[in-house]
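Read off the chains here:
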Amino acid sequence: MPTHLLHGFPGGRSEATRICFHAAGIKLEQRRYDRPAYQDKKSTTTDKAWATGLPVLEIDGVPYTQSLSQARYAAKLAKLYPEDPFAALRCDEVLDIWQDILTKTPSPESEEDKKRERLLYAEGKMATLFDLLDQRVGESESCFIVGDSLTVADLSLFALFTMIREGNFTYVPETYIDRWPRLVKLEQSVSKHPVVTSYY
Ligand SMILES: N[C@@H](CCC(=O)N[C@@H](CS)C(=O)NCC(=O)O)C(=O)O
């Protein structure tokens, strides 16, 4: 088994990856950064994988970018990514919605603009993406979003919901998810799953 070292900021972007490594029983070393430490790392290396943001996952010393590629890799090791192509499509759709929610979040310079734009975002585009996630849970035959068992899609959503509930999604109300009872049910099912309870 190769060595794995995850470089990241504190927060939810890599939480599914961490849980999947834990579920797979594979050692994951971690290095946490603040902004100055990341700038320093960026300026002292020529490998472009360090230039495009964290998280970076080093596998046997080679750096790889993109939180969702890392999460899928870890999920495959943990058997938490569907083998069936159609189920994989449904899983990937959820992961890409998760990425859309994060990357479309407005982050203007001024705090006043940030508050206004994020409140509008939470009521507009973000709510539409949550409506679609809610619909997908409704279509599922189980309490999980894809198929009849836990996948990396559930873990990614769980990390996002936790981020919101803990007030770490600035200007999005902590009770935001409560508007979608089916997503709350999914959140509760994930929180009770042995993969998750054994991690925390
Ligand atoms: N698509 C990338 C986005 C990575 C990204 O933009 N990370 C942000 C933190 S959430 C970052 O490192 N920003 C600082 C920078 O790019 O200098 C992923 O999902 O990993």
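Residues numbered from 1 in each chain as written. Predicted model: local features only at pLDDT ≥ 70, side-chain atom pairs only at ≥ 80, totals over all residues. Heavy atoms only, no water.

If you check an unreviewed UniProt entry, the protein appears there as Glutathione s-transferase from Tetraselmis sp. GSL018.

Draft legend 1. Geometry of the domain arrangement of the protein. Each domain of the protein was delimited in the assignment, giving domain 1 (4-78) and domain 2 (85-193). Centre-to-centre separation of domain 1 and domain 2, based on C-alpha positions: 22 Å. Counting residues at the interface gives 11 residues for domain 1, matched by 12 residues for domain 2. When the two sides are added together, the surface that domain 1 and domain 2 hide from each other amounts to roughly 970 Å², 71% of it contributed by carbon and sulfur. Considering only the surface of domain 1 that becomes buried against domain 2, R13, L68 and R72 emerge as the three largest contributors, covering 52% of it. At the boundary of domain 1 with domain 2, the tally comes to 1 salt bridge. A salt bridge links D92 to R72, with the nearest nitrogen and oxygen atoms 2.9 Å apart. For the pair domain 1 and domain 2, the number of links is 2 residue pairs in polar contact (both at pLDDT 80 or more). Of all the elements in the fold, those that place two or more residues in the side of domain 1 that touches domain 2 are α1 (15-24) and α3 (67-78). In terms of residues, the side of domain 1 that touches domain 2 owes the most to one element, α3, which gives 5 residues. Looking at side-chain class alone, the side of domain 1 that touches domain 2 contains 6 nonpolar, 2 polar and 3 charged residues. (Domains from an automatic or database assignment. Contact = heavy atoms within 4.5 Å. Buried area = accessible area lost by both parts, 1.4 Å probe. Salt bridge = Lys/Arg side-chain N within 4 Å of Asp/Glu carboxyl O. Polar contact = N/O pair within 3.5 Å; in protein donor to acceptor, adjacent residues only side chain to side chain. Helix = DSSP H or I, 4+ residues; strand = E, 2+ residues; numbered from the N terminus. Nonpolar A, V, L, I, M, F, W, Y, C, P; charged D, E, K, R; others polar.)

Draft legend 2. Seen up close, the nonpolar core. Ranked by internal contacts, the top residues of the largest apolar core, which has 56 residues, are I101 and F130. For this core, the element with the highest residue contribution is helix α4 (residues 85-103), accounting for 9 residues. When residues of this core are assigned to domains, at least three map to each of domain 1 (4-78) and domain 2 (85-193). (Core = buried A, V, L, I, M, F, W, Y, C linked by side-chain atoms within 4.5 Å. Buried < 20%, exposed > 50% of the residue type's maximum accessible area, 1.4 Å probe, protein only.)

Draft legend 3. Just the site of the ligand, in detail. Neighbouring the ligand are the residues F9, R13, R35, Y38, K42, G53, L54, P55, Q66, S67 and Q99. In this structure, an oxygen atom belonging to the ligand sits 3.1 Å away from a side-chain N or O atom of K42. Within the complex, 70% of the 500 Å² of free accessible area of the ligand lies under protein. With 3 residues, the single largest contributor to the shell around the ligand is helix α2 (residues 35-43). Tallied by class, residues from the shell around the ligand come to 4 nonpolar, 4 polar and 3 charged. (Near = heavy atom within 4 Å. Areas by Shrake-Rupley, 256 points an atom, 1.4 Å probe, with all protein chains shown as cover.)

Draft legend 4. Representation of the UniProt feature "domain: GST C-terminal" (unreviewed entry) in the protein within the structure. UniProt tags residues 84-200 as "domain: GST C-terminal" (unreviewed entry). With 66% helix and 0% strand, the stretch residues 84-200 has end C-alpha atoms that lie 29 Å from each other. (UniProt positions renumbered as here; feature names shortened; annotations may be inferred.)

Draft legend 5. Looking closely at the sheet that holds strand β4 (residues 62-64). In space, the 4 strands of this open sheet follow the order β2-β1-β3-β4, with mixed pairing throughout. In this open sheet, the two strands that pair with only one neighbour each are β2 (29-32) and β4. Neighbour-to-neighbour, the strand axes of the sheet open up by a mean angle of 25°, direction not taken into account. Against the sheet, α3 engages β1 (4-8), β3 (56-59) and β4, with an angle of about 45° to β3. (Pairing = 2+ DSSP bridges. Axes fitted to C-alpha atoms, helices over the stretch in contact; angles between N-to-C directions.)

Draft legend 6. Expanded view of the side chain of H7. Considering the arrangement of structural elements, one finds H7 in strand β1. A residue is classified by how much of its surface remains accessible, and H7, at 0% relative accessible area, is buried. Side chain to side chain, H7 and Y33 meet in a polar contact 2.6 Å long. A polar contact is formed between the side chain of H7 and the side chain of E58, at a distance of 2.6 Å.

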